[in-house]
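Here is how the chains run, residue by residue.
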Amino acid sequence: MTQDELKQAVARAAIDYVVEGEIIGVGTGSTANFFIDELAKIKDRIKGAVASSEATANRLKLHGIDVLDLNQVDYMPVYIDGADEITPHGAMIKGGGGALTREKIVASVAMQFVCIADGSKLVNVLGNFPLPVEVIPMAQAAVARKLSALGGEPRLRMKDGKPVITDNGCIILDVVGMRILHPTELESQINNIPGVVTVGLFAQRGADIALLGTANGIQKYTF
């Protein structure tokens, strides 16, 4: 199976975790997009969705799915999103699509976080994928120095020769060269750097369930 076929398989499997008659949180990225396409098939069975990015909101709306502001939501049983890396303990690196802050906010409200990904995303130690850090622009240099002191090499995320600007009006520093042995502690450490909006480590609030697509079928992990 191709990587896209594996993503489609876990997207279909994730539909089983959608609670009928309730609101669902939806992540951002290629795997989340496959999930949105599947969600559209049962859109009449949910109240609506909370999107973790403008891109996700637009895709949901194109499918005719009602998009709600998180401030309107008191209860959300599940959040479904992908990951750039995930450990056997449910800690993740997320933010390859640039929506790490809103993803973390929406995930924090949901009762359950279901991670959907292809099996290549499962790693024993996080850090091979660059660690995204969303930063207020005026703090770029100061934050970069702090990240360098932690042993990583921060690189400003660029696209078409210009810095990538998040939905929150911020920039992203991708930190390479880190082997993250203690993700929960590092998450707190980076989040406490002045100028950091959030880091793409999801360890303090990691996944509750992971559905990973492999050539031998879907593997389920419960954390």
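Residues numbered from 1 in each chain as written. Predicted model: local features only at pLDDT ≥ 70, side-chain atom pairs only at ≥ 80, totals over all residues. Heavy atoms only, no water.

J.: For this particular structure, what's the right way to read the packing of helix α2 (residues 30–39) against helix α3 (residues 54–62)?
T.: Helix-helix packing is characterised by the crossing angle of the two axes and by the distance between the axes. For the pair α2 and α3, the least separation of the axes is 10 Å and the interaxial angle reads 25°. It follows from the interaxial angle that α2 and α3 lie roughly parallel. Here α2 and α3 pass one another in a crossing that is right-handed. Contacts between α2 and α3 pair Asn33, Ile36, Asp37 and Leu39 from the former with Thr56, Arg59 and Leu60 from the latter. Its residues assigned to classes, the contact of α2 with α3 shows three nonpolar, two polar and two charged. (Axes fitted to C-alpha atoms, helices over the stretch in contact; angles between N-to-C directions. Helix = DSSP H or I, 4+ residues; strand = E, 2+ residues; numbered from the N terminus. Parallel < 35°, antiparallel > 145°, perpendicular 65-115°, else oblique. Left-handed = near helix turned anticlockwise from the far one by under 90°. Contact = heavy atoms within 4.5 Å. Nonpolar A, V, L, I, M, F, W, Y, C, P; charged D, E, K, R; others polar.)

J.: Can you walk me through the packing of aromatic side chains in this structure?
T.: Here a ring pair, both rings aromatic, is described through the centre-centre distance and the interplanar angle of the planes. In the structure shown here, the tally under the stated rule is two aromatic pairs. Where tyrosine 79 meets phenylalanine 113, the ring centres are 5.1 Å apart and the plane angle is 80°; that geometry is what we call edge-to-face. With tyrosine 79 in strand β3 (residues 78–81) and phenylalanine 113 in strand β6 (residues 112–118), this residue pair connects regions lying 34 residues apart in the sequence. Arranged with centres 6.5 Å apart and planes meeting at 10°, the rings of tyrosine 221 and phenylalanine 223 form a pair that is stacked. Seen from the ring of phenylalanine 202, lysine 94 lies directly overhead, with NZ or CZ sitting 5.5 Å from the centre. (Phe/Tyr/Trp six-rings, centres within 6.5 Å; stacked < 30°, edge-to-face > 60°. Lys NZ or Arg CZ within 6 Å of the ring centre and 35° of its normal.)

J.: In this structure, what is going on with the sheet that holds strand β11 (residues 171–176)? I would like to understand it.
T.: Strands belonging to one sheet form pairs held by backbone hydrogen bonds; the direction of such a pair is parallel or antiparallel. Strand order across the open sheet formed by four strands is β8-β11-β7-β12, with antiparallel pairing between neighbours. Of all the strands in the sheet, the pair left with one neighbour each is β8 (153–156) and β12 (196–199). Direction aside, neighbouring strands of the sheet carry axes that sit 30° apart on average. Here strand β7 (residues 131–135) pairs with β12 via three bridges, running antiparallel. When the bridges of β12 are listed, valine 133 appears paired with valine 199. Running at roughly 70° to β12, helix α4 (residues 100–109) makes contact with β7, β11 and β12 of the sheet. On top of the sheet, helix α6 (residues 183–191) reaches β7 and β12; it is set at about 165° to β12, its chief contact. (Pairing = 2+ DSSP bridges.)

As far as function goes, none of this settles anything; it's purely spatial.
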